[in-house]
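Read off the chains here:
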Amino acid sequence: MRSLFFTVVLCVCSGFASAADVVGSVILSFGDNIAKAADGSERVLKRHSDVYASDVLTTGDKGRLQLRFSDHSRLALKPASVFRIDEYQFDQQQPEQGKAIFKLLQGGMRTISGKIGKSKPDNYRLETTVATIGIRGTHYGVQYTEEGVYCETVDGAIDVMTDIGQMRVNAGEGASVSANGAIEKSAATGQTGDYLMRKSTQEDSNTAPTENTQIEATIEQLTEAVEETTESVSSRAPQGALVAVAFTRDSKKGLSAGNGSVMADAISRKPSSIRIDSRTEQGDLVRGFTHLASRPNITNHACSPCVLSATGDLDALSESGTLELGGANVTWGRWNADFSLRENRKEQDLDGDFHFMYSDSLTTQAQLDSLALVRSGAYIYSHTSGSSMLTAPQIDTGATGSLNGFDSSVVPAGRYASGTYVVIDWDAQQVEQVSISAGIDDGDGMRHVSLTEEAGVRTDLNDILKGGELALTGSCNGGQCTVNGNDTAMAGQLTFDLVGRQAEGAVTSYAASGDNPVKQNITVVGTVLLKDTGPVPTAAH
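These numbers come from a predicted model, not from an experiment.

Trainee: What is the right way to read the side chain of Glu152 from this model?
Mentor: Summarising the element assignment, Glu152 is placed in strand β15 (residues 148-155). Reaching out from Glu152, the side chain makes a polar contact with the side chain of Tyr150 at a distance of 3.1 Å. A distance of 2.7 Å separates a polar atom in the side chain of Glu152 from the backbone nitrogen of Gly190. Sequence-distant contacts of Glu152, that is, excluding residues within four places in its chain, are made with Arg110, Tyr140, Gly141, Glu173, Gly174, Ala188, Thr189, Gly190, Gln191 and Thr192.

Written out as structure tokens, the structure reads:
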């Protein structure tokens, strides 16, 4: 079973390198860490983010970053560091032809070399402002100092070269390089890192190394932190429980809509856990979660490691409700105060409320397989006008409105109906259509938001259930969305998870963002429980 993920929808940058230029990926990222591409565009670095040839990697003042390159080498950057991938070439079929040239421009690092340079050491080098470092099968570290650069070797040996000299530094030894190029050897001090990256037994094979155990320890610490802040009012959700969430984030780049889903893993305590408050008649209220993605993110904006804590009393909760559906208990609500979201240990600025919809169990794979044998054709999961099984759609101004219910009497071209619904083709095992329709008064008029699946795109059911997402596209018109007759284009995503023994409903979150014609950020977020209303009427086909 795939682990679930949590994603911010709005892109941070406009340019990405091609997949052919990918040279490695992030295995750990805490704090504000970014990559700047050759075209000047910037990407936030999260766990599983790709890195590319020519990237300049920068860690924040409290940032930490660990990477794994395609040749199985490891790199750990300390806070306030700048590291450039000047040149990187590696082919698993011809490892001896690999080449890597790196530059440490600021801060400090530790690294374990991989296959590049193993047979031809001259094919690897690290450059600093005062010295160039070559390797001889090595685990070493480098740190800028007031005098110049300090380097030390944990395993193997390095060659330190300057304009005026050269020195080999063996395991257990260190070397200080002054600004004029003078090299002075000493015993290693350990100052290049307060932790060691340890080699996996797989690192010299053709398979990728196992995950760094430090990541597992970190998510364990984050889980314990949430439990400490919420333990007086909450308990751990059962294995297989799921929460879908939606919110609006306020960053230096403006407002962006976010949503996602997290599944509880009560057995191993990783990659995620959910804390619930079951003391009230309002059902299982979500008080917090921790999440660490265990599969590569499909965007660069996954919240991982991600921690939510809601510590307020019930006066801070709006639109809460609960329902039993096919043996599953579903609860929803909006925390409008006394909650916090921390991403990579940094607290996020949120605008508006934190929406959640929780179920203590999902439709199992065995139940889905049985349904696939007896169901044929397209089935509708819909929202009914007037239903309270949702958190109301909320926009960037903080205002909330209503979702439009499924309406088969008004049928736009190429659609089954209007309103809010999802259509599943059980024969093809695909999500065939999606429609999110909302109306919200933003103070200048009524906004009408219409979101659908991307044109011509069908999503395999297995790709969205239990952690996937489906891309949304659409528009917003009216109110602040329309300027001089021009509407706002919107883009976002939907999460969709079936609940009940017969898949009687779907726990759903949605989020979308866009900029209106005068560059004002436009967002909409919310959650809704869609109910199975049976096959699509024959006349609708």
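Additional details are given in the paragraphs that follow.
Trainee: What's the story with the packing of aromatic side chains in this structure? I'm lost.
Mentor: For any two aromatic rings, the description comes down to two numbers: the centre-to-centre distance and the angle of the planes. In this structure the tally under the stated criterion is nine aromatic pairs. Relative to Phe354, the ring of Phe247 lies with its centre 5.9 Å away and its plane at 10°, an arrangement referred to as stacked. Taken together, the residues Phe247 in strand β21 (residues 242-251) and Phe354 in strand β30 (residues 354-359) connect sequence positions 107 residues apart. Of the residues examined, Phe354 reaches a relative accessible area of 1% and is grouped as buried. Three or more aromatic residues link up through ring pairs in this structure, and these residues are Phe69, Phe83, Tyr88, Phe102 and Tyr124.

Trainee: Help me out: how do you make sense of the sheet that holds strand β5 (residues 50-52) in this one?
Mentor: Sheet strands pair by backbone hydrogen bonding; their relative direction is either parallel or antiparallel. Taken in spatial order, the nine strands line up as β5-β2-β7-β8-β11-β14-β15-β18-β19 in an open sheet, and their pairing is antiparallel. One side of each edge strand has no neighbouring strand; the edge strands of this open sheet are β5 and β19 (183-187). Strand-to-strand twist in this sheet, taken as the mean axis angle between neighbours without regard to direction, amounts to 20°. Pairing of strand β2 (residues 22-30) with strand β7 (residues 64-69), which is carried by six bridges, proceeds in the antiparallel orientation.

Trainee: Mind showing me how you'd approach the pairing of strand β34 (residues 421-425) here?
Mentor: Among the five residues that make up β34, five are buried, leaving the element largely enclosed by the rest of the structure. Burial along β34 is two-sided: the residues Tyr421, Val423 and Asp425 and Val422 and Ile424 are all buried. In terms of strand pairing, strand β31 (residues 378-382) meets β34 through five bridges, oriented antiparallel. Bridge pairing links Ile380 to Val423 in β34.

Trainee: Looking at this structure, how should I read the environment of Phe30?
Mentor: As for its placement among the helices and strands, Phe30 is situated in strand β2. The spatial distance from the C-alpha of Phe30 to the C-alpha of Gly60 is 8.9 Å, given a sequence separation of 30 residues.

Trainee: Any chance you could explain the pattern of salt bridges here in plain terms?
Mentor: Opposite charge on two side chains allows them to pair when their charged atoms are near. If you walk through the whole model with that rule in mind, you get 19 salt bridges. Here Arg43 and Asp55 are joined by a salt bridge, their closest N and O atoms 2.6 Å apart. Of this pair, Arg43 sits in strand β4 (residues 42-44) while Asp55 is found in the loop between β5 and β6 (56-59), placing the two residues twelve residues apart along the sequence. Each of the two residues, Arg43 as well as Asp55, counts as buried.

Trainee: How should empty space enclosed by the protein be read in this particular structure?
Mentor: With the rule as written, the count across this model stands at four cavities of 30 Å³ or more. The calculated volume of the largest cavity comes to roughly 50 Å³. Sorting the residues of the lining of the largest cavity by element identifies β8 (74-77), β11 (108-112) and β12 (124-127) as the ones contributing at least two each. Per-class residue counts for the lining of the largest cavity are eight nonpolar, two polar and one charged.

Trainee: Would you take a moment to explain the pairing of strand β26 (residues 317-325) for this structure?
Mentor: A regular strand carries its side chains on alternate faces of the sheet. Note that β26 and strand β27 (residues 328-335) share seven bridges and pair antiparallel. Looking across to β27, one finds that Leu325 is bridged to Ala328. Linking β26 back to β27 in an antiparallel pair, the connection comprises two residues, with Gly326 at a positive phi of about 60°.

Trainee: Whenever I open this one, the sheet that holds strand β20 (residues 235-236) confuses me. Can you help?
Mentor: Strand order across the open sheet formed by six strands is β20-β23-β24-β25-β28-β29, with antiparallel pairing between neighbours. With one partner strand each, in any of the chains shown, β20 and β29 (346-347) form the two edges of the open sheet. Both strand β23 (residues 272-277) and strand β24 (residues 285-291) contribute to a ladder of six bridges, which runs antiparallel. Within β24, the position partnered with Ser273 by the bridge is Thr290.

Trainee: Would you mind showing me how to read the confidence of the model for the protein chain here?
Mentor: On average, residues of the protein chain carry a pLDDT of 84, and 84% of them reach 70 or more. Note that pLDDT drops below 50 for residues 194-219; the model gives that stretch 68 contacts with residues more than four away or on any other chain. For the stretch residues 295-301, pLDDT sits under 50, and the model shows 26 contacts to residues farther than four places along the chain or on other chains.

Trainee: Looking at this structure, I do not really get the environment of Val82. What am I missing?
Mentor: In this structure, Val82 sits in strand β9 (residues 82-89). For the pair Val82 and Thr59, spaced 23 residues apart in sequence, the C-alpha separation works out to 6.7 Å.

So, how was this worked out
Residues numbered from 1 in each chain as written. Predicted model: local features only at pLDDT ≥ 70, side-chain atom pairs only at ≥ 80, totals over all residues. Heavy atoms only, no water. Helix = DSSP H or I, 4+ residues; strand = E, 2+ residues; numbered from the N terminus. Polar contact = N/O pair within 3.5 Å; in protein donor to acceptor, adjacent residues only side chain to side chain. Contact = heavy atoms within 4.5 Å. Phe/Tyr/Trp six-rings, centres within 6.5 Å; stacked < 30°, edge-to-face > 60°. Buried < 20%, exposed > 50% of the residue type's maximum accessible area, 1.4 Å probe, protein only. Pairing = 2+ DSSP bridges. Axes fitted to C-alpha atoms, helices over the stretch in contact; angles between N-to-C directions. Salt bridge = Lys/Arg side-chain N within 4 Å of Asp/Glu carboxyl O. 1 Å grid on protein atoms, 1.4 Å probe; cavity = no way out; pocket = protein on both sides within 12 Å on 5 of 7 lines; lining within 4 Å. Points joined across faces, edges and corners; volume = space filled by probe spheres on them. Nonpolar A, V, L, I, M, F, W, Y, C, P; charged D, E, K, R; others polar. pLDDT = per-residue confidence, 0-100.

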